Amino acid sequence: MARECQITGAKVSRGSRIHRRGLAKKKGGIGMHVTKVVSREFAPNLQKKRVWVPELGKYVTVKATARAFKTISKNGAYRTLKKAALI
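Residues numbered from 1 in each chain as written. Predicted model: local features only at pLDDT ≥ 70, side-chain atom pairs only at ≥ 80, totals over all residues. Heavy atoms only, no water.

**Regarding the overall build of the protein**
Stated formally: A run of H or I in DSSP counts as a helix once it spans at least four residues, and a run of E counts as a strand once it spans at least two, with each numbered from the N terminus. Radius of gyration: over C-alpha atoms. The globule rule applied is 2.2 Å multiplied by the number of residues raised to the 0.38 power. The buried label goes to any residue with under 20% of its type's maximum accessible area, the exposed label to any with over 50%, and the partly exposed label to all in between, with areas taken from a 1.4 Å probe on protein chains only. Only heavy atoms enter the contact rule, under which two residues are in contact if any of them lie within 4.5 Å. Here, Shrake-Rupley sampling with a 1.4 Å probe gives the accessible areas, and only protein chains in the shown set may cover a residue.
Within the protein, the regular secondary structure consists of 2 helices and 4 strands. Beginning at the N terminus, the succession of helices and strands in the protein can be written as β-β-β-β-α-α. Relative to a compact globule of 87 residues, whose C-alpha radius of gyration would be 12 Å, the protein shows 21 Å and is clearly more extended. When its C-alpha atoms are laid out on the principal axes, the protein stretches across 65 × 25 × 15 Å. By residue count, 20% of the 87 residues in the protein fall in the buried class. Contacts in the protein between residues at least 24 apart in sequence constitute 43% of all its contacts with a sequence separation of at least 6. On the protein, roughly 6,800 Å² of surface is accessible, and the fraction owed to carbon and sulfur atoms is 49%.

**Digging into the pattern of salt bridges**
For clarity, the cut-off: The salt bridge criterion pairs a side-chain nitrogen of Lys or Arg with a carboxyl oxygen of Asp or Glu, the two atoms within 4 Å.
As enumerated under the stated definition, the model contains 2 salt bridges in all. Glu41 is the partner of Arg3 in a salt bridge, and the nearest nitrogen-oxygen pair spans 3.2 Å. Of the two residues, Arg3 is situated in the segment before strand E1 (13-21) and Glu41 in strand E2 (residues 33-42); the sequence distance between them amounts to 38 residues. Measuring nitrogen to oxygen at the nearest pair gives 3.5 Å for the salt bridge that ties Arg14 to Glu41.

**Some remarks on the environment of Arg21**
With respect to the element layout, Arg21 can be found in strand E1. Exposure remark for Arg21: the relative accessible area of 62% places this residue in the exposed category. Aside from chain neighbours lying at most four places away, what touches Arg21 is Gly31, Met32, His33 and Thr35.

**Here we look at helix H1 (residues 66-75)**
Cut-off, in case you're wondering: To be clear, the arc concerns the directions from the helix axis to the C-beta atoms.
Three or more residues of H1 are buried, namely Ala68, Phe69 and Ile72. Each buried residue of H1 sits inside an arc of 100 degrees when the element is viewed along its axis, so together they form one side. Exposed residues on H1 whose side chains face more than 90 degrees from its buried face are Arg67, Lys70, Ser73 and Lys74. At the exit of H1 stands Gly76, carrying a positive phi of roughly 100 degrees.

**Considering the nonpolar core**
Stated formally: Take the buried Ala, Val, Leu, Ile, Met, Phe, Trp, Tyr and Cys residues and link them wherever side-chain atoms come within 4.5 Å; each set so joined is a nonpolar core.
Among the nonpolar cores identified, the biggest contains 12 residues, and these are Cys5, Ile7, Val51, Val53, Val60, Val62, Ala64, Ala68, Phe69, Ile72, Ala77 and Leu81. Ignoring sequence-local partners within four residues, the contact set of Ala68 consists of Cys5, Ile7 and Thr8.

**Section: the side chain of Thr80**
By the element assignment, Thr80 lies in helix H2 (residues 77-83). Judged by relative accessible area, Thr80 falls into the buried class, the value being 8%. With residues near it in sequence (within four places) discarded, Thr80 still touches Ile7, Thr71, Ile72 and Asn75.

Just geometry here; none of it tells us what the structure is for.
Structure, rendered in structure tokens:
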């Protein structure tokens, strides 16, 4: 299974980490210098949980981000999962 939220569709995104060297000017140095830029991945905060759906009377296992579970709490499990085409 891919690292993707089943509800919001959040995926792994690419970014960069900047390596710096030197002492900052405000600390008495000659300034920070960028020595290298390295690519990295930003992974979504995925959780795998069983969500109780009262309208169906059963549990549904969902792999989603923490933000998506807040959406489930706010809008209700049935409505959110139906909109995401999981039920």
